Amino acid sequence: MKYRTIGTDPAHRREVSVLALGAMLFGSLTDEKTSFDLLDRYAEAGGNFIDTSDNYAFWTDGGQGGHSEDLLGRWRRSRGVGDEIVIATKLGARPLAPGTGFVDNPEGLSAKVIHEAAEASRERLGVDKLDLLYAHIDDHSVRQQETVEGFGALVGEGTVGLLGVSNQAMWRVERARALAAAAGLPGYEVLQYQHSHLRPRFDVPSDLFPDGSLGHAGPELFGYLRAEPALTLVAYSPLLAGAYVREDKPLPPDYDHPGTPARLAELRSVARETGATVNQVVLSWQIGGELPVVPLAGASSLAQLEENLAAVDLELTVDQRARLDAVH
């Protein structure tokens, strides 16, 4: 396994594996035995960066979530896992009532919610301190100052280490970081956004993003990373839920545009040259790129996990990287 540093404060920064394991469906669609097997194998391979959320996976049973955090807590206790494993979780998008969702009824990012939701996550996970806590979605109903102070208070009291943000406009991220800096509080240092080799359309509206996607990594985010080298991007859904390799899983609609075929062709060409799978090329391209990117990939079988782990040792040539980067 290979590792990179996230965070800047010596008291909180962590060395994490360059491949993060997504635990979104652990304890719900992925049963407990399979989930434990995947976690055991990932840890055995040197992986130490596991991602979850307080709302995972509410949509599987119409509840409020907590399945994934609960399972990770049981796994930690049964294996005697300590702080050698970095667990990142998120708050803000947990439905306030069963049968609702994060668009119509989210918990939000008020100071009260931040405190109570973080406490509930620590209890489910069985930890005294959350290594990395994200704002999962934005909340325009609350002043950003309140959100910033709410997260900062958790770091100050020692129950949270690093702070992160997901699915927010870059101007909102920068404003929050500026407010934190002005108040002498810790700010967001890890950005979690959807990112893969294929480039999506950003103008496709959704219920959460009526003006077009704020959840995909795009030019503004990459420019932000170049300007702020202490930040790290955790790239969720790097393998597009299997759509690169599975005929029964078509590409999401926002990838249906004229630029996709050329990028797919180059990916497949590099895969043939290396003898690797397309999925492994995507992960290797992210891991070894110029910008600090940690791919966050889930798995529902040991075979999928082994394929992902092997990507860590796949070295692309300078020419192959140039070709993958140059495709428009």
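Conventions we followed
- Residues numbered from 1 in each chain as written.
- Predicted model: local features only at pLDDT ≥ 70, side-chain atom pairs only at ≥ 80, totals over all residues.
- Heavy atoms only, no water.
- Pairing = 2+ DSSP bridges.
- Helix = DSSP H or I, 4+ residues; strand = E, 2+ residues; numbered from the N terminus.
- Axes fitted to C-alpha atoms, helices over the stretch in contact; angles between N-to-C directions.
- Contact = heavy atoms within 4.5 Å.
- Expected span 1.5 Å × (residues − 1).
- Buried < 20%, exposed > 50% of the residue type's maximum accessible area, 1.4 Å probe, protein only.
- Arc of directions from axis to C-beta.
- 1 Å grid on protein atoms, 1.4 Å probe; cavity = no way out; pocket = protein on both sides within 12 Å on 5 of 7 lines; lining within 4 Å.
- Points joined across faces, edges and corners; volume = space filled by probe spheres on them.
- Nonpolar A, V, L, I, M, F, W, Y, C, P; charged D, E, K, R; others polar.
- Polar contact = N/O pair within 3.5 Å; in protein donor to acceptor, adjacent residues only side chain to side chain.

*Asks:* Explain the sheet that holds strand S8 (residues 190-194) here, please?
*Replies:* To summarise the sheet geometry, strands pair through backbone hydrogen bonds and adopt either a parallel or an antiparallel arrangement. One closed barrel accounts for 8 strands, arranged S3-S4-S5-S6-S7-S8-S9-S10; its pairing is parallel. Ignoring which end each strand starts from, the neighbouring axes of this sheet average 30° apart. In terms of strand pairing, strand S5 (residues 86-91) meets strand S6 (residues 130-135) through 4 bridges, oriented parallel. Following the sheet pairing, leucine 91 is matched in S6 by alanine 135. Running over the sheet, helix H1 (residues 32-44) touches strand S3 (20-22) and strand S4 (49-51) and is turned about 175° from S3. Helix H3 (residues 111-125) rests against S5 and S6 of the sheet, and its axis sits at about 140° to S5.

*Asks:* Is there a simple way to explain H3 in this structure?
*Replies:* Residues spaced three or four apart along an α-helix point in a common direction, a consequence of the helix completing one turn every 3.6 residues. In a regular helix each residue adds 1.5 Å, so 15 residues correspond to 21 Å; H3 covers 21 Å between its end C-alpha atoms and thus fits that length. Listed in full, the buried residues belonging to H3 are Val113, Ile114, Ala117, Ala118, Ser121, Arg122, Arg124 and Leu125. Along the axis of H3, the buried positions cluster into a sector of 160°, meaning they face one direction only. Every exposed residue of H3 that faces more than 90 degrees away from the buried side is listed here: Lys112 and Glu123. On its buried face, H3 is in contact with helix H2 (67-79), S5, S6 and helix H4 (144-157).

*Asks:* Please clarify how empty space enclosed by the protein should be interpreted in this entry.
*Replies:* Once rolled over the atoms, a probe with the size of a water molecule shows which space is left empty. This structure, assessed with the given rule, holds 2 cavities of 30 Å³ or more. In this model, the largest cavity occupies a volume close to 60 Å³. What lines the largest cavity is simply Leu109, Asp138, Asp139, Val142, Gln144, Thr147, Val148, Gln168, Arg172, Ala176 and Tyr188. For the lining of the largest cavity, the elements supplying multiple residues, two or more each, are H4 and helix H5 (170-182). Of all the elements, H4 adds the most residues to the lining of the largest cavity, at 3 residues. The calculated volume of the second largest cavity comes to roughly 40 Å³. Surrounding the second largest cavity, Val148, Phe151, Leu163, Ala176, Arg177, Ala180, Pro186, Gly187 and Tyr188 form its lining. Of all the secondary-structure elements, those providing two or more residues to the lining of the second largest cavity are H4 and H5. Here the lining of the second largest cavity takes 3 residues from H5, the largest share from any one element. Of the residues assigned to the lining of the second largest cavity, the class counts are 7 nonpolar, 1 polar and 1 charged.

*Asks:* Help me understand the side chain of lysine 90 in this model?
*Replies:* Structurally, lysine 90 can be placed in strand S5. Side-chain polar atoms of lysine 90 contact the side chain of aspartate 51, separated by 2.6 Å. A polar atom in the side chain of lysine 90 sits 2.8 Å from the backbone oxygen of threonine 52. Ignoring anything within four residues of it in the chain, the contact list for lysine 90 reads Asp51, Thr52, Ser53, Asp54, Tyr56, Leu133, Tyr134, His136 and Gln192.

*Asks:* In this structure, what is going on with helix H8 (residues 278-287)? I would like to understand it.
*Replies:* Of all the 10 residues making up H8, 10 are buried; the element is thus mostly covered by neighbouring parts of the structure. Turning to H8, its buried residues number three or more, namely Val278, Asn279, Gln280, Val281, Val282, Leu283, Ser284, Trp285, Gln286 and Ile287. Looking at the packing, one finds that the buried side of H8 touches strand S1 (3-6), strand S9 (232-236), helix H7 (260-274), strand S10 (293-298), helix H9 (302-310) and helix H10 (318-326).

*Asks:* Any chance you could explain the layout of surface pockets here in plain terms?
*Replies:* Taken as a whole, the second largest pocket spans an internal volume of roughly 550 Å³. Residue lining of the second largest pocket: 25 residues in total, with His195, Phe222, Trp285, Leu291 and Asp325 positioned closest to the centre.

*Asks:* Even after reading the chapter, I still don't get unusual backbone geometry, so can you show me in this structure?
*Replies:* Trans peptide bonds make up the majority, and among non-glycine residues the majority have a negative phi. Residue alanine 57 is reached from tyrosine 56 by a cis peptide bond, and omega for that bond is -10°. Here alanine 57 lies in the loop between S4 and H2. With a phi close to 50°, leucine 240 is a non-glycine residue in the positive phi region. Positionally, leucine 240 belongs in the loop between S9 and H7. Within the chain, alanine 241 stands out as a residue other than glycine whose phi angle is a positive 55°. With respect to the element layout, alanine 241 can be found in the loop between S9 and H7.

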